[in-house]
Structure formats: C-alpha cells, structure tokens
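Structure at a glance
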Amino acid sequence: MFEEIYRESRHRTVGITMGLSTEELARPVPACPEWTVHQLIAHLAGVAADFASGRVEGSPGEEWTARHVAEREGVPVLDLLEQWNASTELLDKIPGQIAMDAVTHEADLRAAVGRERLPDHPWQTTLTGIVTRYLPDLTVTTEFGVIGTGHVALEVDGYELWRAFFGRRSRKQMEAWHWSEPYPVEKVTFFPPRDTDLTE
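Residues numbered from 1 in each chain as written. Predicted model: local features only at pLDDT ≥ 70, side-chain atom pairs only at ≥ 80, totals over all residues. Heavy atoms only, no water.

**Side note on the overall build of the protein chain**
- For the protein chain, the helix and strand inventory stands at 9 helices and 6 strands.
- Relative to the compact-globule value of 16 Å for 200 residues, the protein chain shows a C-alpha radius of gyration of 17 Å, a close match.
- Dimensions of the protein chain along its principal axes, counting C-alpha atoms only, are 50 × 35 × 30 Å.
- For the protein chain, with 200 residues in total, the buried portion stands at 49%.
- At a minimum sequence separation of 6, the contacts of the protein chain that also span at least 24 residues come to 63%.
- With an accessible surface of roughly 10,000 Å², the protein chain has 53% of that area assigned to carbon and sulfur atoms.
- Computing the positive centroid from 19 side-chain charges and the negative centroid from 32, the protein chain places the two 1 Å apart. (Helix = DSSP H or I, 4+ residues; strand = E, 2+ residues; numbered from the N terminus. Rg over C-alpha atoms; globule rule 2.2 N^0.38 Å. Buried < 20%, exposed > 50% of the residue type's maximum accessible area, 1.4 Å probe, protein only. Contact = heavy atoms within 4.5 Å. Areas by Shrake-Rupley, 256 points an atom, 1.4 Å probe, with all protein chains shown as cover. Lys, Arg positive; Asp, Glu negative; His and termini not counted. Charge placed at Lys NZ, Arg CZ, Asp CG, Glu CD.)

Pasting the structure below:
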C-alpha cells in the first residue's frame, strides 16, 4: 500500500511542480507557514535522500526537516526533483512514514498553488488505518462510511479529520465537529494542532 501511495503521490507532485512559475515556487505554503513551495520540495527531496542513506536520526522532528531545507537552499527546483527521483530509486521499500509525509505535503502544495484537492484514494485508505490504530476511542462517521468502534461518536468530513491528524487544523476547528460528548481534541492529532484555523 505505502509503495503505491508514495510513488503515485511523488508522480503527481512532480507534475504539479514542473508547471509552476518562479512566483509560485516562492509562494508561502499556508499549511507549512515557515516554508515556501520551493522549500517544501527541498524537504521532500531531503526525506528521500536521508532514508536512502540511513540518515534518519531525529526524524520527523523540526531540526531534521529544517536541515533538508537548509542544505538545499538555492538549488533549482528541477535539480531537487532529480535528487528526489534518484534517492527514491535507491529505496528497497517505501516506509510508511515517508509515504504519509509525501501525500500530506502533496495536499499542502495543492492548496498553496490553487490546484484541486488531493485524490480520494490515498487519504481515505490511510484514514481507515489511522482511526483503527491511533484513535481507538472513536467511532467516526464520514461521507464514505463508518470507521472504528470506540465509545465516542464523531461525525466529520473525512478529509478534515485526515488533515487534522497531521496538524493541519486548529483546536477550534476540531472542537466544532459533531462529537457525541466532549473530547480532548489533542488526542486526535499526531502532530500538534495549529494555532490558527486553516481552511482549504
């Protein structure tokens, strides 16, 4: 599953990136407010390079991701895409961590440059695993079905929950979902909630 998710996401992200103007590459990414589009691509290239070389100490922490950007400052985006491709070819298998990182940042990129939302397959497939593995307290009703058997019921747009899990929604946004009872929303997220709302 992760092999397919990663390689298809990389293909889509490369296709989008190759068509971007200089202005678009310099555009801030709202979901990653300290990065531009160029820096987001630098991070994706850096993740693949680090996993290919075994340089993964500190992942997925802020210092680790910041190094990807710093090491590739000023590198033309086409060179970054070539680096990403070359590193990917060295990977014997695709770890789930980098597959989820790639598809999450594909969603970030699409929102930043005004492209259509991420295709349903990768996020719906992984949301099912996220709920059953990481959110055992919840029974989640989404537009594509019910996931989980927890004692707390949540009705929510599936994509919103998927984005929130990776820290792309604020505490206020999550508290506004339809909960059967009060619930500590920080338990919903792998990365901390945003301080400000993000609407995509």
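**Considerations on the nonpolar core**
- Counting residues in hydrophobic clusters, the biggest one holds 60 residues, and the most contacted among them are Trp162, Trp177 and Trp179.
- Filtering out sequence-adjacent residues up to four positions away, tryptophan 179 remains in contact with Leu138, Val152, Ala153, Leu154, Met174, Val185 and Val188. (Core = buried A, V, L, I, M, F, W, Y, C linked by side-chain atoms within 4.5 Å.)

**Side note on the UniProt feature "domain: Mycothiol-dependent maleylpyruvate isomerase metal-binding" (unreviewed entry) in the protein chain**
- Cross-referencing UniProt, the feature "domain: Mycothiol-dependent maleylpyruvate isomerase metal-binding" (unreviewed entry) maps to residues 7-93 in the present numbering.
- A distance of 11 Å separates the end C-alpha atoms of residues 7-93, which is 64% helix and 8% strand. (UniProt positions renumbered as here; feature names shortened; annotations may be inferred.)

**Some thoughts on the pairing of strand β2 (residues 32-36)**
- Alignment of strand β1 (residues 28-29) against β2, held across 2 bridges, turns out to be antiparallel. Its bridge partner lying in β2, proline 28 is registered against threonine 36.
- Where β1 folds back on β2, the antiparallel hairpin that results is connected by 2 residues. (Pairing = 2+ DSSP bridges.)

**Things to note about the packing of aromatic side chains**
- Under the counting rule described, the total for this entry stands at 12 aromatic pairs.
- With 5.4 Å between their ring centres and 45 degrees between their planes, tyrosine 134 and phenylalanine 165 make a pair best called tilted. Highlighted residues: tyrosine 134 in helix α7 (residues 120-134) and phenylalanine 165 in helix α8 (residues 158-165), separated in sequence by 31 residues.
- Given the relative accessible area of 38%, tyrosine 134 is considered partly exposed.
- Ring plane angle 90 degrees and centroid distance 5.0 Å describe the contact between phenylalanine 165 and phenylalanine 166, whose orientation is recorded as edge-to-face.
- Classification of phenylalanine 165 by relative accessible area gives buried; the value is 4%. (Phe/Tyr/Trp six-rings, centres within 6.5 Å; stacked < 30°, edge-to-face > 60°.)

**Things to note about unusual backbone geometry**
- Cis geometry marks the peptide bond from serine 59 to proline 60; its omega dihedral reads 0 degrees.
- Relative to the assigned elements, proline 60 resides in the loop between α3 (37-53) and α4 (62-71).

**Considerations on the packing of helix α1 (residues 2-18) against helix α6 (residues 96-113)**
- Axis separation between α1 and α6 bottoms out at 9 Å; the angle between their running directions is 30 degrees. As summarised for this structure, α1 and α6 are arranged roughly parallel, according to the angle between their axes. Considering the relative orientation of α1 and α6, their crossing is left-handed. In contact with Phe2, Ile5, Tyr6, Ser9, Arg12, Thr13, Ile16 and Thr17 of α1, α6 contributes Gly96, Ile98, Ala99, Met100, Ala102, Val103, Glu106, Leu109, Arg110 and Val113.
- Of the residues that constitute the contact of α1 with α6, the class distribution is 11 nonpolar, 4 polar and 3 charged. (Axes fitted to C-alpha atoms, helices over the stretch in contact; angles between N-to-C directions. Parallel < 35°, antiparallel > 145°, perpendicular 65-115°, else oblique. Left-handed = near helix turned anticlockwise from the far one by under 90°. Nonpolar A, V, L, I, M, F, W, Y, C, P; charged D, E, K, R; others polar.)

**As for the sheet that holds strand β6 (residues 178-179)**
- Strand order across the open sheet formed by 4 strands is β4-β3-β5-β6, with mixed pairing between neighbours. Since the sheet does not close on itself, it has two edges, and those belong to β4 (145-147) and β6, each with one partner.
- Two strands pair when backbone bridges link them, and strand β5 (residues 152-155) and β6 are joined in this way by 2 bridges, in the antiparallel orientation. Note that in β6 the partner of glutamate 155 across the bridge is histidine 178.

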